[in-house]
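For reference, the chains in residue letters:
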Amino acid sequence: MKYYILFGPPGAGKGTQAKFMVEKFHLHHVSTGDLLRKEIAAKTPLGIQAQQLIEGGNLVPDEVVAGMIENLFASDRTSAGFLLDGFPRTIRQAEMLDEMLAKRGEEVTKVVSLMIEDSLIFKRIANRAQIEGRADDADPAVIQNRIDTYHQKTEPLIAYYKKAGKYCEIDGNQTIEAVAESISAAM
Ligand code: ADP
């Protein structure tokens, strides 16, 4: 199975591009953000634990998201592969992903990284707040914390995957169609 990672800061356009990628390459889209929002809506114990962290712009514990991912891998053996969107977000998560795939004799296929500048992140998230009404998009201080968290905890993954020879970077500051084309070519 293929295991693609769609990587990038909040607001880079991962969700938008994921829709194109899953259709074109017959992948199972796994967005940890969407999965967590479902848990919150259903008021499950996991959702209740995650809600405060997410609404403060902080990450949910590594073991929690890794557990959700491992369950999904076990439940779908029919797609051509998975498109991971929002996971991994820390070095520890990347290590756990490598471990769970190694157990199956598999590995990450490629990391497609959408890059945009911090100033653009702000504009895009403010715009999305009008459309989707996500609680973590509404407050500038929370958006800033998500950007800071990205730089501190998630950005080190770039070096991790470069070292593994799996990293490929795309300019996210192009039209939606142009980004989609660049991603297709990279995949
Ligand atoms: P964004 O558009 O900010 O990338 P997501 O929808 O991917 O948003 O995620 C929303 C929030 O869910 C994150 O800010 C974080 O609190 C939590 N979350 C999502 N994925 C993870 C993960 N892999 N590890 C920890 N927390 C996560």
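Position labels on residues start from 1 in each chain and follow its written sequence. The predicted origin of the model limits local features to residues at a pLDDT of at least 70 and limits the giving and counting of side-chain atom pairs to 80 or more, whereas totals for whole chains, interfaces and linings rest on all residues. For the side-chain quantities, the full set of heavy atoms in the structure was used; hydrogens and water were omitted.

Caption draft 1: Summary view of helix α4 (residues 62-75). Taking 1.5 Å per residue as the helical rise, α4 with its 14 residues ought to reach 20 Å, and the 20 Å between its terminal C-alpha atoms agrees with that figure. For the exposure calls, accessible area comes from a 1.4 Å probe over protein chains only, and a residue counts as buried if that area is under 20% of its type's maximum, exposed if over 50%, partly exposed in between. Counting from the N terminus, the helices are the DSSP runs of H or I reaching at least four residues and the strands are the DSSP runs of E reaching at least two. Asp 62, Val 64, Val 65, Ala 66, Met 68, Ile 69, Leu 72 and Phe 73 are the residues of α4 that are buried. For this analysis, residues touch if any pair of their heavy atoms sits within 4.5 Å. At its buried positions, α4 is contacted by β1 (2-7), β2 (27-31), α2 (32-41), α3 (45-55), β3 (81-85) and α5 (91-103). For a helix, the expected span equals 1.5 Å multiplied by the number of residues minus one.

Caption draft 2: Here's a closer look at the nonpolar core. In plain words, nonpolar cores are sets of buried Ala, Val, Leu, Ile, Met, Phe, Trp, Tyr and Cys residues tied together by side-chain atoms within 4.5 Å. Of all hydrophobic cores here, the largest spans 32 residues; its most connected members are Ile 5, Phe 7, Phe 73, Leu 84, Leu 97 and Tyr 161. Tallying contributions element by element places α4 first for this core, with seven residues. Setting aside anything within four residues of it in sequence, one finds Ile 5 in contact with Leu 84, Phe 87, Pro 88, Leu 97, Val 108, Lys 110, Val 111, Val 112 and Tyr 161. Counting residues in each nonpolar core, the second largest holds 22 residues, with Met 21, Val 112, Ile 147 and Ala 186 among its members.

Caption draft 3: The environment of Pro 61, seen in detail. Structurally, Pro 61 can be placed in the loop between α3 and α4. Separated by 35 residues in sequence, Pro 61 and His 26 have C-alpha atoms that sit 30 Å apart. Pro 61 has contacts with Gln 49 and Leu 53, leaving out every residue within four places of it along the chain.

Caption draft 4: Main features of the pattern of salt bridges. When a carboxyl oxygen of Asp or Glu is within 4 Å of a side-chain nitrogen of Lys or Arg, the pair counts as a salt bridge. Taken as a whole and assessed by the stated rule, the structure comprises ten salt bridges. The residue Asp 136 makes a salt bridge to Arg 134 at a minimum N-O spacing of 3.0 Å. For Arg 134, a relative accessible area of 16% corresponds to the buried category. Among the charged side chains, a network of salt bridges with common partners joins Arg 128, Arg 134, Asp 136, Asp 137 and Arg 146.

Caption draft 5: Quick look at the site of the ligand. Nearness is judged by heavy atoms alone; a residue qualifies as near a molecule or strand once a single heavy atom is within 4 Å of it. As a matter of local geometry, the ligand sits amid 19 residues, with Thr 32, Asn 58, Gly 86, Gln 93 and Arg 146 nearest to it. The term polar contact refers here to a pair of N or O atoms within 3.5 Å; inside protein, the definition further demands a hydrogen-donor-capable atom paired with an acceptor-capable atom, and it admits residues adjacent in sequence only when both atoms are side-chain atoms. Here a nitrogen atom of the ligand and a backbone polar atom of Val 60 are 3.0 Å apart. Within the side chain of Arg 128, a nitrogen or oxygen atom sits 3.1 Å from an oxygen atom of the ligand. All accessibility values rest on the Shrake-Rupley procedure with a 1.4 Å probe; residue burial counts only the protein chains present in the view. Calculation on the ligand without its partners gives an accessible area of 550 Å², and the protein chains cover 96% of this total. For the shell around the ligand, the element with the most residues is α2, which contributes four residues. Each residue receives one of three labels: charged for Asp, Glu, Lys and Arg, nonpolar for Ala, Val, Leu, Ile, Met, Phe, Trp, Tyr, Cys and Pro, and polar for the others, Gly being one of them. When grouped by side-chain class, the residues that make up the shell around the ligand number seven nonpolar, five polar and seven charged.

In short, geometric facts, not functional conclusions.
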